[in-house]
Amino acid sequence: MKKTVTRLADGRELLYYDSRDDVVRDAVDRRPPESTTTTSEIRHDRLLGDAVAVASHRQVRTYHPPVGECPLCPSRGGRLSEIPDSDYDVVVFENRFPSLSGENGRCEVVCFTPDHDASFAALTEEQAALVLEAWTDRTAELAERPQVRQVFCFENRGAEIGVTLGHPHGQIYAYPFVTPRTALMQRSVAAHRAATGRNLFDDVVAGELESAARVVLEGEHWVAFVPYAAHWPFEVHLYPRLRVPDLRALDDAARTEFPQVYLELLRRFDRIFGADQPPTPYIAAWHQAPFDDGTHDGGARDERDDFALHLELFTVRRTSGKLKFLAGSESGMSVFINDVPPERAARRLREVATE
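The numbering scheme is per chain: residues are counted from 1 as the chain's sequence reads. In keeping with the model being predicted, local features are shown solely for residues with a pLDDT of at least 70 and side-chain atom pairs are shown and tallied solely at 80 or more, while totals for entire chains, interfaces and linings include all residues. Values reported for side chains reflect all heavy atoms of the structure, with hydrogen atoms and water molecules removed beforehand.

Visitor: Could you clarify how one ought to interpret the overall build of the protein chain in this entry?
Guide: Each helix is a run of DSSP H or I of at least 4 residues and each strand a run of E of at least 2, with the numbering of both proceeding from the N terminus. Tallying secondary structure elements over the protein chain gives seven helices and 15 strands in all. By the compact-globule yardstick of 20 Å for 355 residues, the protein chain fits well, its C-alpha radius of gyration being 21 Å. Summarising its shape, the C-alpha atoms of the protein chain cover approximately 60 × 55 × 45 Å along the three principal directions. Accessible area is worked out with a 1.4 Å probe on protein chains only. A residue is then buried under 20% of its type maximum, exposed over 50%, and partly exposed in between. When the 355 residues of the protein chain are sorted by exposure, 49% land in the buried category. Of the roughly 17,000 Å² of accessible surface on the protein chain, 50% is carried by carbon and sulfur atoms. The averaged location of the 56 negative side-chain charges in the protein chain is 4 Å from the averaged location of its 42 positive side-chain charges. In this setup the radius of gyration rests on C-alpha atoms only. A globule is expected at 2.2 Å times the number of residues raised to 0.38. In short, Shrake-Rupley with a 1.4 Å probe defines the accessible areas, and a residue's cover is counted only from the protein chains shown. His residues and chain termini do not enter the charge count, which takes Lys and Arg as positive and Asp and Glu as negative. Charge positions come from single atoms, namely NZ of Lys, CZ of Arg, CG of Asp or CD of Glu.

Structural data, given as structure tokens:
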């Protein structure tokens, strides 16, 4: 992998990730240096103990532009975009309309391919491996920033999810705090360790493999299953068999196998509801261990050691032509109601395996 770091006209950082070492990236952003004023702030909810990012500048962010005006396509034929070069493999750049910025964190956009009409599932294994390298590199770099406590790499796919740009892309959020969902996991892991002396993530994966009822696919280094208490109609969790805290710690064998396993999962997701249905909307979310804030007792077990890197993939579509909406119980009380039994979802995801 070759990494080239440059700047856009307004000063935002842009990084090219290329699979070939001989690629030269010297294109200059020829757009006027119009900067966007960001008003991001973090407000803490005293009752719930969580945080809310308030970012009013995002009200004017780009919203469903015509294909010919996509800001994530390469700059070609006189049309200038966020990517100055006329082609690219993978690109990462600072979001023009970030939810988090400055001391409140950082938001980045990850463009998976220059092909506007493609999808992650349509990538080659080599392309998917390069995206994994980009995710890993960004995690490593953002981890060095003193204000960052957690790095979240994710993809939203589909208008049903709320995506406003159709080009295949994902995002990276660098939070200045530990997210509520991760904090809940850490509490459960600590309680399980105290009660049993074992690791909760290890026990969950082992239990799914032993049962096999919800296992979707297995590789030599990765395993994917529908969780016992899945929140979403079709939800898959993907774990490396060797527990590691974050993307940086994956070994070469797991990195090599990941594209094959993950691309197969995505392609199955697109076949869940039948060939006559539009592409399945989904969220793909990497869960990584937060970074030590320096307050841990040096003699205590590091919480990072007990955390397990994993990816959660789920769709808001519950059946053909129908979406799962978060209504009263889910939105009001955070109690999910799932219309699809996890065992049935796993069976369907096995049925649509690539032949």
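More follows now that the structure is in view.
Visitor: Help me out: how do you make sense of the layout of surface pockets in this one?
Guide: In this approach the atoms are scanned with a rolling probe the size of a water molecule, which exposes any empty space left behind. As a volume, the second largest pocket reaches approximately 360 Å³. Think of a 1 Å grid over the protein atoms and nothing else: a 1.4 Å probe that fits but is trapped marks a cavity, an open set flanked by protein within 12 Å on at least five of seven lines marks a pocket, and residues with an atom within 4 Å of a point count as lining. Forming the walls of the second largest pocket are 24 residues, and the residues nearest its centre are Arg 157, Gly 158, Ala 159, Leu 165 and Gly 166. Per element, the largest residue contribution to the lining of the second largest pocket is three residues, and it comes from strand β7 (residues 150-157). When residues are grouped by polarity, Ala, Val, Leu, Ile, Met, Phe, Trp, Tyr, Cys and Pro land in nonpolar, Asp, Glu, Lys and Arg in charged, and all others, Gly among them, in polar. Taken together, the residues of the lining of the second largest pocket break down into 10 nonpolar, nine polar and five charged. Grid points are joined across faces, edges and corners, and a volume is the space filled by probe spheres set on the points.

Visitor: Can you walk me through the state of the cysteines in this structure?
Guide: By definition, a disulfide links the sulfur atoms of two cysteines through a covalent bond. The disulfide definition used here is simple: a pair of cysteine sulfur atoms within 2.5 Å. For the structure shown, the criterion picks out zero disulfides. A disulfide-free cysteine, Cys 70 has its sulfur positioned 3.8 Å from the sulfur of Cys 73, the nearest such atom. With relative accessibility at 1%, the residue Cys 70 sits in the buried group. Note on Cys 73: relative accessible area 11%, which makes it buried.

Visitor: I'm lost on helix α1 (residues 125-143) in this one. Help?
Guide: Because an α-helix completes one turn every 3.6 residues, residues spaced three or four positions apart along the sequence face the same direction. Over its 19 residues, α1 extends 27 Å from the first C-alpha to the last, a length consistent with the 27 Å expected when each residue adds 1.5 Å. Every buried residue of α1 is listed here: Ala 128, Leu 130, Val 131, Leu 132, Ala 134, Trp 135, Thr 136, Arg 138, Thr 139, Leu 142 and Ala 143. Multiplying 1.5 Å by the helix residue count minus one yields the expected span of that helix.

Visitor: Hey, could you run me through the confidence of the model for the protein chain in this one?
Guide: Regions with low pLDDT should not have their predicted coordinates read in detail. On a range of 0 to 100, pLDDT expresses the predictor's confidence in each residue. In the predicted model, the protein chain carries a mean pLDDT of 93, and 96% of its residues have values of at least 70. We call two residues in contact whenever any of their non-hydrogen atoms come within 4.5 Å of each other. In this model, residues 294-300 is a region of pLDDT below 50 whose contacts with residues beyond four sequence positions or in other chains number one contact.

Visitor: Sorry, what's going on with empty space enclosed by the protein here?
Guide: The full count for this structure, using the stated rule, is one cavity of 30 Å³ or more. Estimates place the volume of the largest cavity at around 40 Å³. Of all the elements in the fold, those that place two or more residues in the lining of the largest cavity are β7 and β12 (282-287). Here the lining of the largest cavity takes three residues from β7, the largest share from any one element.

Visitor: Which parts of the structure should I look at to understand the pairing of β7?
Guide: Across a regular strand the side chains alternate sides, sitting on one face of the sheet and then on the other. Counting buried residues in β7 gives seven out of eight residues, a clear majority hidden from the surface. Bridging between β7 and strand β8 (residues 169-175) involves five bridges; their strand directions are antiparallel. Bridge assignment links Val 151 to a residue of β8, and that residue is Ala 174. Looking at chain direction, β7 and β12 are connected through four bridges and run antiparallel. What sits directly across from Phe 154, in β12, is Ala 285. Pairing between two strands is assigned when DSSP locates at least 2 bridges connecting them.

Visitor: Teacher, can you tell me more about helix α2 (residues 180-196) here?
Guide: Taking 1.5 Å of rise per residue, 17 residues should cover 24 Å, and α2 covers 24 Å from first to last C-alpha, within 8% of that figure. Where α2 is concerned, the buried positions are Thr 182, Ala 183, Met 185, Gln 186, Val 189 and His 192. Elements in contact with the buried residues of α2: β7, α3 (200-211), β12, α5 (303-306) and β13 (310-315).

Visitor: Teacher, can you tell me more about the packing of aromatic side chains here?
Guide: Remark: the centre distance and the inter-plane angle together describe each pair of aromatic rings, the angle taken between the planes. To pair, rings of Phe, Tyr and Trp, with the six-membered ring standing in for Trp, must have centres within 6.5 Å; the planes then decide the type, stacked if under 30 degrees apart, edge-to-face if over 60, and tilted in the middle. Under the criterion given, the structure shown has 20 aromatic pairs. The interplanar angle of 15 degrees and the centroid separation of 4.5 Å between the aromatic rings of Phe 152 and Phe 154 together place this pair among those described as stacked. Comparing Phe 152 with Phe 154 shows no difference in burial state: the two are buried. With centroids separated by 6.3 Å and ring planes inclined at 50 degrees, the aromatic side chains of Phe 201 and Tyr 239 adopt a geometry described as tilted.

Visitor: Hey, could you run me through unusual backbone geometry in this one?
Guide: Leaving glycine out, the prevailing phi sign among residues is negative, and the prevailing peptide bond configuration is trans. The backbone phi angle of Ala 212 is positive, close to 70 degrees, even though this residue is not glycine. Considering the arrangement of structural elements, one finds Ala 212 in the loop between α3 and β9 (215-218). Judged by its relative accessible area of 41%, Ala 212 falls in the partly exposed class. Unusually for a residue other than glycine, Ser 334 sits at a positive phi of about 60 degrees. If you trace the backbone, Ser 334 turns up in the loop between α6 (328-333) and α7 (342-351).

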